[in-house]
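A structural walkthrough
One letter stands for each residue in the lines below.
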Amino acid sequence: MKDKLFNALLTIAGVIVIVIAGGILYALTSESIPAIKEYGFFNFITSSDWSESDQVYGALPFITGTLLTSVLALLFCIPFSLSVALFTGEYFKGKQIAVVVGAIVDLLAGIPSIVYGLWGFYTVRPILIDLDVNAQGFGVLLASIVLAIMIIPYASSLSSEFISMVPNDLKEGAYSLGATRLEVISGISIPVAGSGIFAAYILAFGRALGETMAVTMLIGNTSNIPTSLKDTGDTMASVIANQFGEASGLKLSSLFLIGFLLFVITALINLIAKGIIKRVNP
């Protein structure tokens, strides 16, 4: 009887998850239909026009801004997060210093994004202005730097877990053959934990794609396609946050369609990541 009850609870939980996901998808698609009928799906994602006065809306500037800031953030994140992961998961594994650093990393992962936005506005922005990166100190570069700092804790914490799970027998065998620590890390630890590290960066990339408040405060919020790191722009999440409250009609439907596109992009990235992980570890 207890087993049947437990199985029933698990089944109900699984069904609830499916229903919630289906409800999200239904809400996004149903509210997006007016914009799709008016502009066409492919025309909407390839158009750079966003004008409330002309009732013309296109998502290309926001798709570009989202991908540009997220990819740059991931590139900035990789060297720092991998270094932290090796520090806590390999070089000082099990030692007090690794515990302290790991606790700090976990603390940084829990800080609300708006706090990162405030920090970027009052700390990173003045530095960029002093360096004459751009006149306002806003833009793609500023948003990407803060995004990178935000996702470093996620990537480093998960990567450290996978690196620490590499069997000691493999590493001890390499040491017995005369390998140096650098050779063990590059030849054993990273290759064995490679699929897990890759998954960690995909999750971090997904966090960057959907980030809203920090980017909204820093990127400049203009419906232009950024052509350089000095330009201002907007992302899919930030344009929804900025304009959803006052939107109606076709503009509201267009914002829902942008949300649907963000949902699809994130889902595709996760599916690609799972496919690569399965090929690495069939």
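Fair warning: this is a prediction, and the values are worked out from it, not measured in the lab.

Here's the deal with the overall build of the protein chain
Of the regular secondary structure elements, the protein chain holds 12 helices and two strands. Mapped in sequence order, the helices and strands of the protein chain form the string α-α-β-β-α-α-α-α-α-α-α-α-α-α. The C-alpha extent of the protein chain, read off along each of the three principal axes, is 70 × 65 × 30 Å. Within the protein chain, buried positions represent 38% of all 282 residues. Split by element, the accessible area of the protein chain, about 15,000 Å² in all, is 69% carbon and sulfur. Across the protein chain, the centroid of the 14 positively charged side chains sits 12 Å from that of the 18 negatively charged ones.

Focus: the packing of helix H7 (residues 168–176) against helix H8 (residues 181–192)
With their axes 10 Å apart at the nearest point, H7 and H8 run at an angle of 150° to one another. The angle between the axes of H7 and H8 places the two elements in the roughly antiparallel class. For the pair H7 and H8, the sense of crossing is right-handed. Contacts between H7 and H8 involve Leu170, Lys171, Ala174 and Tyr175 from the former and Arg181, Val184, Ile188, Ser189 and Val192 from the latter. When the residues that make up the contact of H7 with H8 are grouped by side-chain class, the tally is six nonpolar, one polar and two charged.

What to know about the pattern of salt bridges
Evaluation of the coordinates by the stated rule reveals four salt bridges. Of the charged contacts in the structure, one is a salt bridge between Lys171 and Glu90, with a shortest N-O distance of 3.4 Å. Of this pair, Lys171 sits in helix H7 while Glu90 sits in helix H3 (residues 60–91), and the two are 81 residues apart along the sequence. A salt bridge links Glu246 to Lys251; the shortest N-O distance between them is 3.7 Å. If you follow the salt bridges from partner to partner, you end up with Glu52, Glu246 and Lys251 in one network.

A closer look at unusual backbone geometry
Positive phi is not limited to glycine here, since Gln55 has a value of about 55°. One can find Gln55 in the loop between strand E1 (50–51) and strand E2 (56–57). Phi is positive for Asn221, which is not a glycine, with a value near 55°. Locating Asn221 in the fold gives a position in the loop between helix H10 (213–218) and helix H11 (236–243).

A closer look at a nonpolar patch on the surface
Taken together, Leu5, Leu9, Ile12, Ile16, Ile20, Ile24, Leu25 and Phe263 make up a surface patch of nonpolar side chains, about 720 Å² in accessible area. No other element matches helix H1 (residues 2–39), which puts seven residues into the nonpolar patch. Within the secondary structure, Ile24 is located in helix H1. Among the residues examined, Ile24 registers a relative accessible area of 41% and is labelled partly exposed.

Some thoughts on helix H6 (residues 140–164)
Here H6 is 25 residues long and its end C-alpha atoms lie 35 Å apart, about the 36 Å a rise of 1.5 Å per residue gives. Its maximal kink placed at Ile151, H6 deviates by approximately 35°, while the proline Pro153 follows within four residues.

Considering the packing of H3 against H6
Packing of H3 against H6 brings their axes to within 6 Å, and their N-to-C directions diverge by 35°. Judged by the sense of rotation from one axis to the other, the crossing of H3 with H6 is right-handed. Here the contact of H3 with H6 is composed, by residue class, of 20 nonpolar, nine polar and one charged.

A few points about the environment of Leu75
The topology assignment puts Leu75 in helix H3. Judged by its relative accessible area of 52%, Leu75 falls in the exposed class. Sequence-wise, Leu75 and Phe162 are 87 residues apart; in three dimensions their C-alpha atoms are separated by 20 Å.

Description of helix H5 (residues 113–130)
If you check H5, its first and last C-alpha atoms are 25 Å apart, about what 18 residues at 1.5 Å a residue would give, namely 26 Å. Of all bends in H5, the biggest is about 40°, found at Gly120. What H5 keeps buried is the set Ser113, Tyr116, Gly117, Gly120, Val124, Arg125 and Leu128. Each element contacted by the buried residues of H5 is listed here: helix H4 (96–109), H6, helix H9 (194–210) and H10.

Regarding the packing of aromatic side chains
Within the structure shown, the criterion is met by eight aromatic pairs. Look at Phe41 and Phe42: their rings are 5.5 Å apart centre to centre, the planes differ by 85°, and that puts the pair in the edge-to-face class.

Observations regarding the side chain of Ser159
Position of Ser159 relative to the elements: it lies in helix H6. A distance of 2.7 Å separates a polar atom in the side chain of Ser159 from the backbone oxygen of Ala155. When sequence neighbours within four positions are dropped, the list of residues in contact with Ser159 reads Ala85, Ile197, Ala200 and Tyr201.

What counts as what
- Residues numbered from 1 in each chain as written.
- Predicted model: local features only at pLDDT ≥ 70, side-chain atom pairs only at ≥ 80, totals over all residues.
- Heavy atoms only, no water.
- Helix = DSSP H or I, 4+ residues; strand = E, 2+ residues; numbered from the N terminus.
- Buried < 20%, exposed > 50% of the residue type's maximum accessible area, 1.4 Å probe, protein only.
- Areas by Shrake-Rupley, 256 points an atom, 1.4 Å probe, with all protein chains shown as cover.
- Lys, Arg positive; Asp, Glu negative; His and termini not counted.
- Charge placed at Lys NZ, Arg CZ, Asp CG, Glu CD.
- Axes fitted to C-alpha atoms, helices over the stretch in contact; angles between N-to-C directions.
- Parallel < 35°, antiparallel > 145°, perpendicular 65-115°, else oblique.
- Left-handed = near helix turned anticlockwise from the far one by under 90°.
- Contact = heavy atoms within 4.5 Å.
- Nonpolar A, V, L, I, M, F, W, Y, C, P; charged D, E, K, R; others polar.
- Salt bridge = Lys/Arg side-chain N within 4 Å of Asp/Glu carboxyl O.
- Patch = residues over 30% accessible without salt bridge, like charges linked within 9 Å, V, L, I, M, F, W, Y side chains within 5 Å.
- Expected span 1.5 Å × (residues − 1).
- Bend = angle between axes of the 7 residues up to and from the residue.
- Phe/Tyr/Trp six-rings, centres within 6.5 Å; stacked < 30°, edge-to-face > 60°.
- Polar contact = N/O pair within 3.5 Å; in protein donor to acceptor, adjacent residues only side chain to side chain.

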